Amino acid sequence: MTPDGARCSFVKADGTRCAMRPTASGTCVVHDETQKAAMQEARRRGAEAARARRAAVRAEAAQGPSVAPTKALKLDTAGQIHSCLEETVNAVRLGNLSATAANVIGSLCRAALTALEVRLLEQLEAEKAQQEASQPVGARRRRR
Ligand SMILES: [Zn+2]
């Protein structure tokens, strides 16, 4: 390691040097004394923005959907799942449902669709197995 290298000259409490790239002052922007006020202001603004974001998320979560669901939806068929998605999309578009709630509904609809696929595949396999079991090996039943 070169004594100065292209690193900030600030020495931390543990005796190691700061690894950030230095500015013309020889220290990084974080350790530049002439930038101290600007850094403090940036930190203060960053913390304020983070607080505002957290407050907005809490407010949205507390508010929930502004329109209570009027009925329980069945999600047994692709058509029912599609209807749920359609209802959700329109509720968001019309400002009646939060984006957060819509995201959850979207994820659950994807899960419901996957479960439906698995269920249909299982049904098909069960039907196939039943058909094969009911036919003697090599025999073909004539359909009437
Ligand atoms: Zn530094």
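Counting of residues starts from 1 at the beginning of each chain's written sequence and follows it residue by residue. The predicted nature of this model means local features are confined to residues of pLDDT at least 70 and side-chain atom pairs, given and counted, to a pLDDT of 80 or more, with totals for whole chains, interfaces and linings taken over all residues.

### Quick look at the overall build of the protein chain
For the purposes of this entry, the term helix denotes a DSSP run of H or I that reaches at least four residues, the term strand denotes a run of E that reaches at least two, and both are numbered from the N terminus. Across its full length, the protein chain holds three helices and zero strands. Secondary structure elements in the protein chain, listed N-terminal to C-terminal, are α-α-α. With C-beta atoms placed from the backbone, a contact is any residue pair whose C-beta atoms sit within 7 Å. The contacts in the protein chain between residues at least 6 apart in sequence include a share of 30% that link residues at least 24 apart.

### Quick look at the confidence of the model for the protein chain
Close inspection of predicted coordinates is inappropriate in any region flagged by low pLDDT. Residues with a pLDDT of 70 or more make up 86% of the protein chain, whose mean pLDDT is 85. As a per-residue quantity, pLDDT reports the predictor's confidence and falls between 0 and 100. When pLDDT is averaged over each helix and strand of the protein chain, the minimum, 88, is found for helix α1 (residues 36–63) and the maximum, 92, for helix α2 (residues 78–93).

### Observations concerning α1
Between its terminal C-alpha atoms α1 stretches 40 Å, which fits the 40 Å expected from 28 residues at 1.5 Å a residue. Burial is judged by counting other C-beta atoms within 10 Å of a residue's own C-beta: 20 or more means buried, 12 or fewer means exposed, and anything between counts as partly exposed, with every C-beta placed from the backbone. Little of α1 is tucked away: zero of the 28 residues are buried. Expected helix span is taken as 1.5 Å per residue step, with the number of steps being one fewer than the number of residues.

### Observations concerning the environment of Cys-18
Tracing the backbone shows Cys-18 in the segment before α1. Exposure remark for Cys-18: the 16 C-beta atoms within 10 Å place this residue in the partly exposed category. Distance in space between the C-alpha atoms of Cys-18 and His-31 is 8.7 Å, their sequence separation being 13 residues. Beyond its immediate stretch of four places on either side in the chain, Cys-18 contacts Arg-7, Cys-8, Phe-10, Lys-12, Cys-28 and His-31.

### Regarding the packing of α2 against helix α3 (residues 99–134)
Here an axis means a line fitted to C-alpha atoms, over the contact stretch when the element is a helix, while the angle between two N-to-C directions is reported on a 0 to 180 degree scale. With their axes 10 Å apart at the nearest point, α2 and α3 run at an angle of 170 degrees to one another. Here α2 is positioned roughly antiparallel relative to α3, judged by the angle of their axes. The segment α2 lies against α3, with Ala-78, Ile-81, Cys-84, Leu-85, Thr-88 and Val-92 engaging Ala-99, Ala-102, Ile-105, Cys-109, Ala-112, Leu-113 and Leu-116. Every angle not falling under 35 degrees, over 145, or within 65 to 115 is termed oblique; those three ranges are roughly parallel, roughly antiparallel and roughly perpendicular.

### Describing the environment of Asn-103
If you trace the backbone, Asn-103 turns up in helix α3. For Asn-103, a count of 12 C-beta atoms within 10 Å corresponds to the exposed category. Taking the C-alpha atoms as reference points, Asn-103 and Thr-88, separated by 15 residues in sequence, lie 9.4 Å from one another.

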